[in-house]
Amino acid sequence: MAKKQNKNTMQINRKITLIPVTSDNDGWKKKMNTYLEKFYFDKKIKAKERQIKNTSKPERKEEYKQQLTEYKKQQEQFLNGELEDYTKQMVMSYTYDLVRDCMESEARQKNFIMSYMFSEMIREKVCYLKNKKEKEKWVNDNINVAFRVKGSPKGSIFDDVEIYSPLRALSIQGYTQELKGRVKKFATDGGLDGKLAVDNYKLDSPFHMSKQGFDIVHEYEDLTELKKNIGKSSCEIYVNLGNGGVPTFARFQLDFGHKGNREELISTITKVFTGEYKVCGSSIQINKKNKIILNLGLEIPKRLTELDENTVVGVDLGLAVPAVCSLNNNQYKKEYIGDGEAFVKQRGKIQKEKQRLQKALKLSKGGHGRKRKMLALERFKEREANFVNTYCHRISKKVVEYALKNNAKYINIENLKGYDSSKFILRNWSFYQLQQDITYKAERYGIEVRKVNPAFTSQVCSFCGHWESGQRINQKTFKCGNPNCKSHNLKFFNADYNAARNISMSTLFTSDNYKFGKESLQKAADYYGIDLEIDSEDQEIA
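Residues numbered from 1 in each chain as written. Predicted model: local features only at pLDDT ≥ 70, side-chain atom pairs only at ≥ 80, totals over all residues. Heavy atoms only, no water.

### Considerations on the overall build of the chain
Turning to step 1, where the next piece is worked out: Across its full length, the chain holds 13 helices and 13 strands.
Turning to step 2, where the next piece is worked out: Overall size of the chain, expressed as C-alpha extent along the three principal axes, is 95 × 65 × 55 Å.
Turning to step 3, where the next piece is worked out: Looking at the chain residue by residue over its 542 residues, the buried ones come to 45%.
Turning to step 4, where the next piece is worked out: Looking at the chain alone, contacts between residues at least 24 apart form 68% of all its contacts between residues at least 6 apart.
Turning to step 5, where the next piece is worked out: Surface summary for the chain: the accessible area is close to 30,700 Å², and the carbon and sulfur share equals 48%.
Turning to step 6, where the next piece is worked out: One finds the centroid of the 95 positive side-chain charges in the chain at a distance of 3 Å from the centroid of its 69 negative side-chain charges. (Helix = DSSP H or I, 4+ residues; strand = E, 2+ residues; numbered from the N terminus. Buried < 20%, exposed > 50% of the residue type's maximum accessible area, 1.4 Å probe, protein only. Contact = heavy atoms within 4.5 Å. Areas by Shrake-Rupley, 256 points an atom, 1.4 Å probe, with all protein chains shown as cover. Lys, Arg positive; Asp, Glu negative; His and termini not counted. Charge placed at Lys NZ, Arg CZ, Asp CG, Glu CD.)

Below you can see the structure in the form of structure tokens.
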């Protein structure tokens, strides 16, 4: 049974680049020698021979011949036991091939397990079991045979198939809980009725490691020395891949990068060594830039504070102002976060540059010139993504700071799932990402983020609850149609602030299956006392 998470902790994930390095472990050296003997030299020599044969440029042909001579010399030294040390290229080639094999192996294992469990469920007529509890019990009782390695005395589903696993049991230990959950979901959420397809894992998906299968270590005398050197190019912090954290399979050096979240990563790893953060199961993958990435799972303490159960922050995403915050119990404390015009202008500038390059690519023929332009296009895409990521981080941070300043236990945000995708706010904002950022940061302090029905939040008066057509005069201004409403005492009533107040006071909470549509619109109309027959279908509702 999976261990229950402490209510005072939360789990996070950090991505860190890994650089393959040599290991002094005898098991690693044995694997490395086997790799060199069976694969490395043959692969390199054949590749150079093909290049020599296919090139017509004399200077390039001569360069390839020199490289071929060097590989043959290294091979001869290796076979005669005269190779003094492994080259960087040898270590990189071995480790990258190992990671690729592990990624493909795990995907094939998981695909085979999903297919096996599906066929067993059909054979055992699991669809006829009475309820969800009985189906989950069947999975628990029958899935263990799928989590045993080939040749296990108790039997394994892999005994009669050829799925090579470089990490053997370590590989399976890393994904058992996650995969068991997927099988249960399939069995209970309609997979046996044709409502769900059997999961299919791509061969380049990350491979998982249990916390027993790897370790993060440093080679300094104490924490004081570590803190002095962490972040330097020569920093000796490593990830060991192997049973018990012994580097029998691979050894990597951590690379914190030179920009972005470098300081955050350095702080995170420091807290791992001080014991403040606890390492959990993680995964490794090769990304699109051909870098090996550690998806480090961590259990970290929540920064618990005294929060008021009766105080709720409402957050409205607007045009002029990216986020407007208000409270359910105080009409005076509000905060306008960000500059929407500046955000859209900067993002639009990046998009125009990217579009110009895309047009140039249409006219470009194949060759190195096109390849360079494609790389430039990828850089523009990355630049835009980084810009949005940074902006969402800043907005979400200020939203959570506002909640903490007012001791709010809850943050309410609109659930725009299924809302018109042509709306400006969805087209120009990564709403899901911002929502995830707010949720993650809020959870750290014990603040709960709730999603509410977005219908009519911008049209109903947050002071008296009055609704009539045209109360929202423009993007900035709201004027209540009720002559007795106390909002008329305000010199200026901001429309986004009004929406934020309605969101903060809303109890129209949505479930995970929520999608905006006629049903949710009717629920909101009933909640605010609005007759939908009066309102036209084309009117803006949120």
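### Brief notes about the nonpolar core
A general tendency of soluble globular proteins is for nonpolar side chains to be buried together.
Turning to step 1, where the next piece is worked out: Counting residues in hydrophobic clusters, the biggest one holds 56 residues, and the most contacted among them are Ile 237 and Ile 269.
Turning to step 2, where the next piece is worked out: In this structure, Ala 323, Tyr 402, Tyr 445 and Val 449 belong to the second largest nonpolar core, which totals 28 residues. (Core = buried A, V, L, I, M, F, W, Y, C linked by side-chain atoms within 4.5 Å.)

### Things to note about the pattern of salt bridges
Turning to step 1, where the next piece is worked out: Counted under the stated rule, the structure contains 17 salt bridges.
Turning to step 2, where the next piece is worked out: Arg 14 is paired through a salt bridge with Glu 264; the nearest N and O atoms lie 2.8 Å apart. Of this pair, Arg 14 sits in strand S1 (residues 9-21) while Glu 264 sits in helix H7 (residues 262-274); the two residues are 250 residues apart in sequence, bridging distant segments of the chain.
Turning to step 3, where the next piece is worked out: Overall, the relative accessible area of 35% leaves Glu 264 in the partly exposed class.
Turning to step 4, where the next piece is worked out: Across the salt bridge formed by Asp 97 and Lys 43, the nearest N and O atoms sit 2.9 Å from each other. Taken together, the residues span a long stretch of sequence, with Asp 97 in helix H3 (residues 88-123) and Lys 43 in helix H1 (residues 26-54) at a distance of 54 residues.
Turning to step 5, where the next piece is worked out: Residues joined in a network through salt bridges with shared partners are Lys 43, Asp 97 and Arg 100. (Salt bridge = Lys/Arg side-chain N within 4 Å of Asp/Glu carboxyl O.)

### A look at helix H13 (residues 518-528)
Residues spaced three or four apart along an α-helix point in a common direction, a consequence of the helix completing one turn every 3.6 residues.
Turning to step 1, where the next piece is worked out: Among the residues of H13, those classed as buried are Ser 520, Leu 521, Ala 524, Ala 525 and Tyr 528. Summarising the axial view, the buried residues of H13 lie within an arc of 140 degrees, below the 170-degree limit, and thus occupy one face. The outward face of H13, more than 90 degrees from its buried face, is lined by the exposed residues Lys 518, Glu 519 and Asp 526.
Turning to step 2, where the next piece is worked out: Those residues of H13 that are buried lie in contact with helix H12 (495-505).
Turning to step 3, where the next piece is worked out: Trailing H13 by a residue or two, Gly 529 shows a phi angle of about 75 degrees, which is positive. (Arc of directions from axis to C-beta.)

### Considerations on the side chain of Ser 210
Turning to step 1, where the next piece is worked out: Inspection of the secondary structure puts Ser 210 in the loop between strand S2 (207-209) and strand S3 (214-218).
Turning to step 2, where the next piece is worked out: Those residues in contact with Ser 210 that sit more than four places away from it in its chain are Gln 173, Gly 174 and Gly 281.

### A closer look at the environment of Ser 520
Turning to step 1, where the next piece is worked out: Counting through the fold element by element, Ser 520 comes out in helix H13.
Turning to step 2, where the next piece is worked out: Classification of Ser 520 by relative accessible area gives buried; the value is 6%.
Turning to step 3, where the next piece is worked out: Placed 66 residues apart in sequence, Ser 520 and Pro 454 show a C-alpha to C-alpha distance of 9.0 Å.

### Let's talk about the packing of aromatic side chains
Turning to step 1, where the next piece is worked out: In total, this model carries 14 aromatic pairs according to the counting rule given.
Turning to step 2, where the next piece is worked out: Judged by centre distance (5.5 Å) and plane angle (85 degrees), the rings of Phe 118 and Phe 186 are edge-to-face. Note that Phe 118 is positioned in helix H3 and Phe 186 in helix H5 (residues 169-188), a separation of 68 residues in sequence.
Turning to step 3, where the next piece is worked out: Look at Tyr 527 and Tyr 528: their rings are 4.9 Å apart centre to centre, the planes differ by 85 degrees, and that puts the pair in the edge-to-face class.
Turning to step 4, where the next piece is worked out: We classify Tyr 528 as buried; its relative accessible area is 14%.
Turning to step 5, where the next piece is worked out: Arg 251 extends its terminal NZ or CZ atom over the ring of Tyr 238, reaching a point 4.0 Å from the ring centre.
Turning to step 6, where the next piece is worked out: Note that Lys 334 overlies the ring of Tyr 497, its terminal NZ or CZ placed 4.8 Å from the centroid. (Phe/Tyr/Trp six-rings, centres within 6.5 Å; stacked < 30°, edge-to-face > 60°. Lys NZ or Arg CZ within 6 Å of the ring centre and 35° of its normal.)

### Considering the sheet that holds strand S10 (residues 323-327)
Whenever strands of a sheet pair, they do so through backbone hydrogen bonds, lying parallel or antiparallel.
Turning to step 1, where the next piece is worked out: Judged by pairing direction, the sheet is mixed, and its five strands sit side by side in the order S11-S10-S9-S12-S13 without closing on themselves. Two strands bound the open sheet, and with one partner strand each, they are strand S11 (334-337) and strand S13 (448-452). Going across the sheet, the axis of each strand differs from the next one's by a mean of 25 degrees, ignoring polarity.
Turning to step 2, where the next piece is worked out: Contacts between helix H11 (residues 431-443) and the sheet are confined to strand S12 (408-414) and S13, with S12 contributing the most and set at about 175 degrees to the helix. (Pairing = 2+ DSSP bridges. Axes fitted to C-alpha atoms, helices over the stretch in contact; angles between N-to-C directions.)

### Brief notes about H7
Turning to step 1, where the next piece is worked out: Taking 1.5 Å per residue as the helical rise, H7 with its 13 residues ought to reach 18 Å, and the 19 Å between its terminal C-alpha atoms agrees with that figure.
Turning to step 2, where the next piece is worked out: For H7, every residue scored as buried is listed here: Arg 262, Leu 265, Ile 266, Thr 268, Ile 269, Thr 270, Lys 271, Val 272 and Phe 273. (Expected span 1.5 Å × (residues − 1).)

### Some points on the environment of Ile 269
Turning to step 1, where the next piece is worked out: Here Ile 269 is to be found in helix H7.
Turning to step 2, where the next piece is worked out: Ile 269 sits 59 residues away from Ser 210 along the chain, and the two C-alpha atoms are 18 Å apart.
Turning to step 3, where the next piece is worked out: Beyond its immediate chain neighbours, meaning those up to four positions away, Ile 269 contacts Ile 16, Ile 216, Ile 230, Ile 237, Leu 254, Phe 256 and Leu 296.

### Quick word on the state of the cysteines
Turning to step 1, where the next piece is worked out: Evaluated as defined, the whole model comprises zero disulfides.
Turning to step 2, where the next piece is worked out: Residue Cys 461 stays outside any disulfide, its sulfur separated by 3.6 Å from that of Cys 485, the closest cysteine. (Disulfide = S-S within 2.5 Å.)

### Re empty space enclosed by the protein
Turning to step 1, where the next piece is worked out: The tally for this structure, following the rule as stated, stands at one cavity of 30 Å³ or more.
Turning to step 2, where the next piece is worked out: Each pocket or cavity is described by its volume, and for the largest cavity that value is around 50 Å³.
Turning to step 3, where the next piece is worked out: Lining the largest cavity, in full, are Val 315, Leu 317, Ile 413, Phe 431, Leu 434, Gln 435 and Ile 438.
Turning to step 4, where the next piece is worked out: Among the elements that make up the lining of the largest cavity, the one with the highest residue count is H11 (four residues). (1 Å grid on protein atoms, 1.4 Å probe; cavity = no way out; pocket = protein on both sides within 12 Å on 5 of 7 lines; lining within 4 Å. Points joined across faces, edges and corners; volume = space filled by probe spheres on them.)

### Observations concerning the pairing of strand S4 (residues 237-241)
Turning to step 1, where the next piece is worked out: Among the five residues of S4, five are classified as buried, and the element is accordingly described as predominantly covered.
Turning to step 2, where the next piece is worked out: Residues Ile 237, Val 239 and Leu 241 of S4 are buried on one face, and the alternating residues Tyr 238 and Asn 240, pointing to the opposite face, are buried as well.
Turning to step 3, where the next piece is worked out: Strand direction decides the pairing type here: S3 and S4, joined by five bridges, are antiparallel. Following the sheet pairing, Asp 215 is matched in S4 by Asn 240.

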